[in-house]
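# Notes for the structure review
These are the residues of each chain, in order.
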Protein chains: 4
Amino acid sequence: MAQRKLRGGMVGGGSGAFIGPVHRMAATLDGEAEFVAGAFSRDPVKSKSSGQEMGMDPKRVYSTYQEMAEKEAKLPADIRIDFVSIVVPNNGHYPISKTFLEAGFNVICDKPMTTTMADAKSLLKIVKKSGKVFALTHNYTGYPMVKQARHMVKSGMLGKINKVVVEYPQGWMSGLITNAGNSIGMWRMDPEIAGGSCCMGDLGTHAENLVHYITGLEIDEVCAELTAFVKGNRLEDDGNVLVRYKGGARGILYASQISAGEENPLSIRVYGTKMGLEWRQEDPNYLIVKDPAGLQTRYSKGNSNLCPEAQAAARLIWGHPDGYIEAFANIYREAYKGIRAVTAGKKIPSCDHPTAEDGLVGVAFIDALLKSNTSKSKWTRMKV
Amino acid sequence: MAQRKLRGGMVGGGSGAFIGPVHRMAATLDGEAEFVAGAFSRDPVKSKSSGQEMGMDPKRVYSTYQEMAEKEAKLPADIRIDFVSIVVPNNGHYPISKTFLEAGFNVICDKPMTTTMADAKSLLKIVKKSGKVFALTHNYTGYPMVKQARHMVKSGMLGKINKVVVEYPQGWMSGLITNAGNSIGMWRMDPEIAGGSCCMGDLGTHAENLVHYITGLEIDEVCAELTAFVKGNRLEDDGNVLVRYKGGARGILYASQISAGEENPLSIRVYGTKMGLEWRQEDPNYLIVKDPAGLQTRYSKGNSNLCPEAQAAARLIWGHPDGYIEAFANIYREAYKGIRAVTAGKKIPSCDHPTAEDGLVGVAFIDALLKSNTSKSKWTRMKV
Amino acid sequence: MAQRKLRGGMVGGGSGAFIGPVHRMAATLDGEAEFVAGAFSRDPVKSKSSGQEMGMDPKRVYSTYQEMAEKEAKLPADIRIDFVSIVVPNNGHYPISKTFLEAGFNVICDKPMTTTMADAKSLLKIVKKSGKVFALTHNYTGYPMVKQARHMVKSGMLGKINKVVVEYPQGWMSGLITNAGNSIGMWRMDPEIAGGSCCMGDLGTHAENLVHYITGLEIDEVCAELTAFVKGNRLEDDGNVLVRYKGGARGILYASQISAGEENPLSIRVYGTKMGLEWRQEDPNYLIVKDPAGLQTRYSKGNSNLCPEAQAAARLIWGHPDGYIEAFANIYREAYKGIRAVTAGKKIPSCDHPTAEDGLVGVAFIDALLKSNTSKSKWTRMKV
Amino acid sequence: MAQRKLRGGMVGGGSGAFIGPVHRMAATLDGEAEFVAGAFSRDPVKSKSSGQEMGMDPKRVYSTYQEMAEKEAKLPADIRIDFVSIVVPNNGHYPISKTFLEAGFNVICDKPMTTTMADAKSLLKIVKKSGKVFALTHNYTGYPMVKQARHMVKSGMLGKINKVVVEYPQGWMSGLITNAGNSIGMWRMDPEIAGGSCCMGDLGTHAENLVHYITGLEIDEVCAELTAFVKGNRLEDDGNVLVRYKGGARGILYASQISAGEENPLSIRVYGTKMGLEWRQEDPNYLIVKDPAGLQTRYSKGNSNLCPEAQAAARLIWGHPDGYIEAFANIYREAYKGIRAVTAGKKIPSCDHPTAEDGLVGVAFIDALLKSNTSKSKWTRMKV
């Protein structure tokens with residue numbers, strides 16, 4: 001029996017945005033959902049025109065997210081949206097999520113979850129109380145081979161994990177270093193909007209989440225140095241972190257926006273007592289397992305030798321590259337399982353997407369980094 | 001102003017098919033179209049159940065493609081499908097395309113276009129007469145960096161092209177070589193369904209099309225050896241071809257289904273008097289330019305230093321991998337330009353998708369290979 | 001007990017030569033030999049000055065190779081050279097080898113062995129009659145991972161071999177294509193010196209030898225197209241070949257000197273019924289085994305999981321790259337085993353270096369290519 | 001005019017050693033030197049037998065290095081050694097270097113230079129006073145493309161350097177983690193022999209030296225965490241370091257011996273305001289330059305577009321891999337320039353090899369790491 005299409009709304013993501021279209025493609029890739037409502041911009045005119053471009057019913061293109069939440073909630077159950085995707089700058093995540101959750105909607109939200117610890121804790125409570133689905137788009141965990149990596153660690157194939165190196169360098173700000181004028185307007189560099197962190201909030205939290213997803217390790221303490229190389233940037237654009245995980249593993253985590261010439265090479269290397277593994281986002285359909293006996297074995301997406309989760313996460317067979325959108329769509333697909341359960345009045349099943357708990361960890365991670373940095377890189381306990 | 005969603009139909013691609021879902025994801029990725037009708041299987045029951053799974057109106061899930069063409073044609077203009085996607089085995093391409101074109105529909109069809117030269121020539125005539133869009137899914141030309149390669153050759157950056165090496169080895173049949181029982185049922189090995197070629201029709205035509213797309217070169221003569229390694233296979237599962245292009249360039253083209261352990265590494269290397277270039281489908285977002293001065297330069301998708309066509313073909317910025325589905329979707333996106341023109345009663349603009357002319361060349365290519373092979377690899381002129 | 005250093009002589013390889021110094025480094029790398037005599041140039045003055053630069057006793061720097069052979073033969077056994085390295089253009093290989101073998105010396109000779117079939121057959125007879133060591137420097141078989149590849153094929157790990165793709169494109173002549181004036185002087189393009197082939201003699205024979213070394217396959221028939229792209233080149237600078245091996249395997253072999261931007265990427269891919277493998281000369285310390293189950297496994301040099309021959313051929317442990325010189329030195333090291341046996345009056349043991357038999361095959365290979373090419377790429381049997 | 005062969009002696013490096021043969025191959029690769037004396041083991045019998053295996057005059061195979069220094073010094077100038085290569089565990093570097101320098105010999109010594117700061121400072125004074133050549137075998141700086149990287153940074157091509165990531169993970173100790181019995185005997189884990197550091201002394205100093213060589217950056221402060229994962233190891237087998245360079249650049253440096261499955265992938269990434277670059281020791285003949293405009297350009301060894309130093313450091317042309325031994329030999333080749341000057345009574349010219357000054361920096365680096373580590377990763381100034 002065919003499932004009905006879920007109805008989505010979007011806050012943010014108007015014309016010209018980067019991540020809005022990604023959410024729209026990802027959310028609808030499998031034909032499970034369609035967007036029917038939105039508040040696409042803080043500028044009501046732009047919101048309207050964006051909705052029009054998408055062919056949306058003008059009545060359901062709202063001027064503010066508050067209006068959207070209020071009016072959608074009043075629509076009949078078979079018309080109103082099932083979920084909202086929140087794709088605005090960081091400081092909007094908390095109030096908008098709160099508003100929609102309290103209005104009875106499921107939420108898909110960009111990361112980092114909030115800009116303060118207080119908000120993160122508050123939101124987690126709101127989520128729990130709501131009984132709704134809250135999914136955070138740490139999209140990189142949607143890749144099939146990341147799921148395979150997780151499976152291998154869990155299965156004990158690597159032995160006890162001793163070391164993790166995760167890196168996420170980008171270079172797009174390098175040109176701004178000596179050229180401050182243009183850059184200051186960017187919201188990512190504005191503490192009022194981005195929160196206390198630029199680079200680590202944007203990239204570092206993905207790195208932290210990826211480590212946790214694959215290895216299950218939890219951070220105990222961090223020792224961080226955050227640097228702003230771009231003139232006039234009040235937040236860091238580069239961060240280097242030593243990490244102590246609970247249980248004794250040690251790690252390096254770094255992220256950067258001034259690593260000239262790097263595009264998006266998020267990568268992770270995990271070393272256990274028996275084996276190592278490596279995954280790189282720019283070549284995402286492969287996973288390298290490193291055997292001290294002198295072998296490096298490349299597993300590839302879409303093969304039947306992978307774990308069920310990795311197989312299910314691939315939309316295509318071997319040799320036919322799944323990309324970023326497909327990985328992103330896997331976050332949505334998992335969220336939809338929960339949303340359909342909620343809609344059907346059932347208990348939310350265990351779904352493989354980042355949650356509000358993960359979001360709180362991410363915010364706590366940034367919080368610990370900032371504290372360590374301001375105390376001359378003193379080892380700082382991460383408190384969730 | 002928002003464009004209305006185009007309405008698509010599908011022939012073939014029922015539950016369990018590989019390429020059907022790819023077409024559905026690709027066709028709808030940008031929100032430009034939705035599928036509203038289909039004849040998904042020659043088995044009417046399976047057709048119905050497949051349509052149901054997709055949540056389609058049962059009235060528009062047909063038992064046969066003939067019924068579908070006939071009944072859809074009678075629907076009002078604002079309800080009937082705008083195009084049909086044909087995703088059936090090779091021998092269905094001709095009659096189904098013919099039926100829908102003659103019924104007034106635009107057609108998106110899998111390759112190879114037909115199983116005989118006569119059909120190919122006939123279909124080209126039908127297409128021309130119809131005034132409709134006919135797009136052939138040589139999907140690999142949809143990748144952004146393939147468009148960049150084409151641009152570079154056209155611009156003269158490589159100088160005069162002297163040599164082209166294109167290869168498309170797969171290995172999935174290798175296990176069948178000594179194990180004939182299971183395999184004979186596969187339609188790809190059945191001349192009644194696949195036509196005169198198995199490996200070259202499936203893979204070789206992609207390779208041929210890729211060379212032509214990137215370089216503009218036209219094949220003059222081929223010298224081919226086709227081999228069936230799988231026991232009981234009446235068609236070849238491996239083909240090696242020497243190629244003479246018009247104008248003096250020389251080439252190697254090979255395809256294989258018995259290259260054990262290869263997944264889908266279609267690749268092309270083009271050498272001119274000034275530079276060489278290389279593109280590999282399994283790492284599709286990069287293009288390597290080889291400079292005899294001792295430099296190999298990697299261009300990457302999503303950057304502003306690329307030609308407009310390559311930029312437009314990317315859905316995401318640098319470092320965020322576009323995959324197979326996105327490339328496939330580019331074929332649809334280009335076809336939609338023509339379909340919207342047809343629907344609006346306008347002249348079909350120049351669109352960047354493979355056409356019936358390309359399809360005829362592909363069939364002529366197979367025809368020449370078969371003739372060369374049966375004449376002990378004699379050089380054989382390719383006649384279109 | 002320490003072995004005495006073998007005494008080597010060299011014909012060719014004077015100041016400015018490319019391959020002379022390679023032979024000198026390779027021959028002496030392990031401290032097993034030193035060069036004490038030479039005829040380094042057809043120009044006696046240059047020969048003298050080259051010998052002087054090497055710090056050699058002027059009495060043993062000769063004006064001609066004939067003089068060298070004659071005078072060295074008259075020296076006491078504990079002074080005269082044990083072997084001669086012949087590093088001159090192709091047409092010198094036969095007469096110089098003949099002269100030294102008949103004068104009682106062991107010979108290390110560059111490839112191709114001779115420029116005609118008659119000479120090749122004659123030389124093989126001379127070698128057999130002489131009871132001396134004759135080693136041909138198909139140096140690429142000296143790499144450790146080539147030995148590992150051979151071992152894997154022999155062991156049956158790949159199953160029955162069905163297909164082999166070997167390629168050896170270079171690009172250094174690409175700049176000459178439109179610039180004929182400078183190039184004609186090159187001896188490689190002069191049939192009087194190079195023999196009937198330029199590209200295939202220089203590169204193609206390495207490719208052929210590599211296939212045979214790794215797989216044991218013998219060529220049955222070839223179908224070849226040889227092309228001269230460089231203006232004024234009377235010999236081919238590009239060659240594409242279809243190959244039928246005895247026993248049913250099929251192959252592609254090509255070599256080129258006009259593949260703009262390629263450096264020296266000799267590579268081989270071997271596909272059996274069970275597995276495939278790939279080795280690339282520009283990344284020589286790794287061997288990729290391709291398993292249809294969805295795994296590609298990289299074996300690396302210097303590990304204890306390799307076959308004894310591969311382990312012995314590595315001078316350094318894992319991760320410490322062995323290079324071209326070390327592989328070349330392995331040819332010498334194997335030849336020295338035979339030379340020491342000859343010197344000690346013992347039977348020559350089985351040594352792992354290319355022989356006069358291999359040299360004859362190489363010349364027969366070129367001969368078959370030329371015949372096929374002049375008969376419009378007709379399949380031509382390779383006769384040894 | 002030919003130069004005479006320099007005469008070398010060796011301390012350590014007897015039968016079964018890893019690095020002794022490397023020094024012998026490297027030192028003699030270009031025919032510039034030969035080894036004629038040695039004290040190959042602290043065991044006089046093994047020393048003798050090792051010398052015998054090398055075919056050395058038994059009179060010049062000594063029982064102790066002291067005896068060797070004393071007796072060689074008394075030999076006539078045209079017989080005694082010109083230099084000594086010291087290839088013993090760390091704690092031997094200082095006394096043996098001191099002894100030979102004071103006896104009037106040039107010294108080539110393994111790293112780290114000494115095991116204490118006091119010894120390092122003392123040795124630097126002795127070197128200066130001696131007027132002899134002292135070369136430290138930070139061999140990785142001998143690679144041609146490392147010299148090219150240095151050239152590019154110096155030339156300003158990268159802009160101002162802001163970030164450096166250097167890593168040197170190995171995995172060979174990973175198997176020992178749960179298996180303490182076998183490992184404790186290894187000298188690298190014995191503070192009496194290795195000094196205060198295992199992993200950082202062995203690998204970390206190479207990393208530090210590589211950064212300095214390429215970028216010219218000097219370390220200001222370090223923040224380090226050193227960990228012993230192998231049971232019973234009194235020294236660290238893994239070290240993660242945050243680095244502040246003078247002038248504001250920031251860096252990460254790490255080394256490891258428990259990164260399971262890694263072989264020897266020393267690598268460095270340097271990011272400036274304009275460009276980035278990357279070099280990897282396991283693929284040493286290439287250098288990647290990363291341009292924020294969307295290009296990554298691979299420079300390769302042996303081409304004429306490289307700086308003179310990189311060209312001179314290559315023994316072979318493009319596409320013919322130079323390996324570890326050739327890079328090592330470049331350290332010797334540069335040292336020989338100085339040694340020949342000393343021998344000729346001339347002023348030592350500027351030579352491109354690591355010096356005692358570099359050695360002192362390396363020891364100071366370890367010293368700072370140990371201090372930072374014992375003070376809970378407090379930022380610690382590196383004092384030379």
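Here the structure is a predicted model, which means the values were calculated and not measured.

A word on the overall build of chain A. Helix and strand counts for chain A stand at 12 helices and 14 strands. If one aligns the C-alpha atoms of chain A with their principal axes, the spans along those axes are about 60 × 55 × 35 Å. Counting only residues that meet the buried cut, chain A has 66% of its 384 residues in that class. At a minimum sequence separation of 6, the contacts of chain A that also span at least 24 residues come to 67%. As presented, chain A carries roughly 13000 Å² of accessible surface, and 52% of it is formed by carbon and sulfur atoms.

All names here are of chain D. An order of β2-β1-β3-β4-β5 is seen for the 5 strands of this open sheet, with the pairing classed as parallel. Pairing within the sheet leaves two strands with one partner each, and these edge strands are β2 (33-39) and β5 (134-136). Going from strand to strand, the sheet's axes swing by 25 degrees on average, the running direction of each strand aside.

Turning next to the packing of helix α1 (residues 19-28) of chain B against helix α11 (residues 324-343) of chain B. Each packed pair of helices is defined by two parameters, the angle between the axes and the distance between the axes. Residue and element names in this part refer to chain B. At their nearest, the axes of α1 and α11 sit 8 Å apart, and the two run at 60 degrees to each other. Relative to α11, α1 is oriented so that their crossing is right-handed. Counting all contacts with α1, which are made through Ile19, Val22, His23, Met25, Ala26 and Ala27, the residues of α11 involved are Tyr324, Ile325, Phe328, Ala329, Tyr332 and Tyr336. For the contact of α1 with α11, the residue count by class is 11 nonpolar, 1 polar and no charged.

The subject of this paragraph is the relation of the copies chain D and chain A. Each copy superposes on the other: chain D lies on chain A with an RMSD of 0.0 Å after a rotation of 180 degrees and an axial shift of 0.0 Å. Taken together, the rotation angle and the small translation identify this as a two-fold axis. When C-alpha distances to the rotation axis are compared across chain D, the minimum falls at Lys378 of chain D, with a value of 3.4 Å. A share of 100% of interface residues in chain D that are also interface residues in chain A marks the association as one of identical surfaces.

To continue, consider the relation of the copies chain B and chain A. Overlaying chain B on chain A yields an RMSD of 0.0 Å, the required transformation being a rotation through 180 degrees with an accompanying axial translation of 0.0 Å. Same-surface contact between copies: 97% of interface residues of chain B are shared with the interface of chain A.

Quick look at the interface of chain B and chain A now. Across the boundary between the two partners, chain B contributes 37 residues, which contact 36 residues of chain A. Summing the contributions of chain B and of chain A, the shared interface buries around 2900 Å²; its carbon and sulfur component is 63%. Broken down residue by residue, the surface that chain B buries against chain A is led by Glu263, Trp318 and Pro321 of chain B, which jointly contribute 20%. Taken together, the links from chain B to chain A amount to 0 salt bridges. Across the chain B-chain A interface, the total number found is 12 residue pairs in polar contact (both at pLDDT 80 or more). Residue assignment for the side of chain B that touches chain A shows that the elements contributing at least two residues are α1, α2 (44-53), β13 (295-300) and α11 of chain B. The element contributing the most residues to the side of chain B that touches chain A is α11 of chain B, with 3 residues. Here the residues of the side of chain B that touches chain A are counted per class, giving 18 nonpolar, 10 polar and 9 charged.

So, about the interface of chain D and chain A. At the junction of the two partners, chain D supplies 47 residues and chain A supplies 47 residues. Carbon and sulfur atoms make up 53% of the surface buried where chain D meets chain A, a total of about 3300 Å² over both sides. The largest contributions to the chain D side of the interface with chain A come from Lys163, Glu225 and Leu242 of chain D, which together make up 16% of the buried area. At the boundary of chain D and chain A, one finds 10 salt bridges. A salt bridge links Asp238 of chain A to Lys163 of chain D, with the shortest nitrogen-to-oxygen separation between them at 2.9 Å. Counting every contact that joins chain D to chain A gives 20 residue pairs in polar contact (both at pLDDT 80 or more). Elements represented by at least two residues in the side of chain D that touches chain A include exactly β6 (161-169), β7 (219-227), β8 (238-245), β9 (250-256), β10 (267-272) and β12 (286-291) of chain D. Of the residues contributing to the side of chain D that touches chain A, the split by class is 17 nonpolar, 17 polar and 13 charged.

Let us now look at helix α3 (residues 65-74) of chain B. All names here are of chain B. Of the residues making up α3, those classed as buried are Tyr65, Met68, Ala69 and Glu72. Buried positions in α3, seen along its axis, are confined to an arc of 95 degrees and lie on one side of it. Buried residues belonging to α3 abut β1 (6-12), β2 (33-39), β3 (83-87) and α4 (90-102).

This part covers the packing of helix α6 (residues 144-155) of chain B against helix α9 (residues 199-215) of chain B. All names here are of chain B. It is the contact of α6 with α9, at a shortest axis distance of 7 Å, that shows an interaxial angle of 50 degrees. Between α6 and α9, the interaxial angle falls into the category oblique. Within the contact between the two elements, α6 uses Val146, Lys147, Ala149, Arg150 and Val153 and α9 uses Leu210, Tyr213, Ile214 and Thr215. In terms of residue class, the contact of α6 with α9 is made up of 6 nonpolar, 1 polar and 2 charged.

Once that is clear, we can look at the pairing of strand β3 (residues 83-87) of chain C. Residues and elements named next belong to chain C. Across the 5 residues that make up β3, a large majority, 5, are buried. Across the two faces of β3 the burial is the same, with Phe83, Ser85 and Val87 and Val84 and Ile86 all buried. Judged from the 5 bridges that link them, strand β1 (residues 6-12) and β3 form a sheet pairing that is parallel. When the bridges of β3 are listed, Met10 appears paired with Ser85.

A few words on the pattern of salt bridges. According to the stated counting rule, one finds 112 salt bridges over all chains in the structure shown. Residue Glu167 of chain B is joined to Arg269 of chain C by a salt bridge in which the shortest nitrogen-to-oxygen separation is 2.8 Å. Here Glu167 of chain B, found in strand β6 (residues 161-169), pairs with Arg269 of chain C, found in strand β10 (residues 267-272), and the two come from separate chains. We note that Glu167 of chain B, like Arg269 of chain C, is buried. The closest approach of N and O atoms between Arg250 of chain C and Glu225 of chain B, which form a salt bridge, is 3.2 Å.

Time to look at the sheet that holds strand β5 (residues 134-136) of chain A. Residues and elements named next belong to chain A. Here 5 strands make up an open sheet; going across it, the order is β2-β1-β3-β4-β5 and the pairing parallel. Because the sheet does not close on itself, it has two edges, and the strands there are β2 (33-39) and β5. Recorded for the sheet is a direction-independent mean angle of 25 degrees between the axes of neighbouring strands. Taken together, the 3 bridges between strand β4 (residues 106-109) and β5 define a ladder with parallel strand orientation. Its bridge partner being in β5, Val107 is matched across the sheet by Phe134. Sitting on the sheet, helix α3 (residues 65-74) is in contact with β1 (6-12), β2 and β3 (83-87), with an inclination near 125 degrees to β2.

A separate point is the packing of aromatic side chains. Tallying each qualifying case throughout the model produces 37 aromatic pairs over all chains. Centre to centre, the rings of Tyr140 of chain B and Tyr168 of chain B are 5.9 Å apart; their planes meet at 80 degrees, and the pair counts as edge-to-face. Of this pair, Tyr140 of chain B sits in the loop between β5 (134-136) and α6 while Tyr168 of chain B is found in strand β6, placing the two residues 28 residues apart along the sequence. An identical accessibility class is assigned to Tyr140 of chain B and Tyr168 of chain B; each is buried. For the pair Tyr332 of chain D and Tyr336 of chain D, a centre-to-centre distance of 5.8 Å together with 55 degrees between the ring planes defines the contact as tilted. Of this pair, Tyr332 of chain D and Tyr336 of chain D are both found in helix α11 (residues 324-343), 4 residues apart, which corresponds to roughly one turn of the helix. A single burial state applies to Tyr332 of chain D and to Tyr336 of chain D, both of which are buried. What links up through ring pairs into an aromatic cluster is the set Tyr140, Tyr143, Tyr168, Trp279, Tyr324 and Phe328 of chain B. One cation-aromatic arrangement involves Arg244 of chain D over Trp379 of chain D; the distance from NZ or CZ to the ring centre is 3.8 Å.

Residues and elements named next belong to chain C. Locating Gln148 in the fold gives a position in helix α6 (residues 144-155). On the basis of relative accessible area, Gln148 is assigned to the buried category, the value being 3%. Along the chain, Gln148 and Tyr299 lie 151 residues apart, while their C-alpha atoms are 8.9 Å from each other. The contacts of Gln148, once residues within four sequence positions are left out, are Leu287, Leu306, Cys307 and Ala310.

Rules behind the numbers
Residues numbered from 1 in each chain as written. Chains lettered and ligands numbered in written order. Predicted model: local features only at pLDDT ≥ 70, side-chain atom pairs only at ≥ 80, totals over all residues. Heavy atoms only, no water. Helix = DSSP H or I, 4+ residues; strand = E, 2+ residues; numbered from the N terminus. Buried < 20%, exposed > 50% of the residue type's maximum accessible area, 1.4 Å probe, protein only. Contact = heavy atoms within 4.5 Å. Areas by Shrake-Rupley, 256 points an atom, 1.4 Å probe, with all protein chains shown as cover. Pairing = 2+ DSSP bridges. Axes fitted to C-alpha atoms, helices over the stretch in contact; angles between N-to-C directions. Left-handed = near helix turned anticlockwise from the far one by under 90°. Nonpolar A, V, L, I, M, F, W, Y, C, P; charged D, E, K, R; others polar. Least-squares fit on C-alpha atoms with pLDDT ≥ 70 in both. Buried area = accessible area lost by both parts, 1.4 Å probe. Salt bridge = Lys/Arg side-chain N within 4 Å of Asp/Glu carboxyl O. Polar contact = N/O pair within 3.5 Å; in protein donor to acceptor, adjacent residues only side chain to side chain. Arc of directions from axis to C-beta. Parallel < 35°, antiparallel > 145°, perpendicular 65-115°, else oblique. Phe/Tyr/Trp six-rings, centres within 6.5 Å; stacked < 30°, edge-to-face > 60°. Lys NZ or Arg CZ within 6 Å of the ring centre and 35° of its normal.

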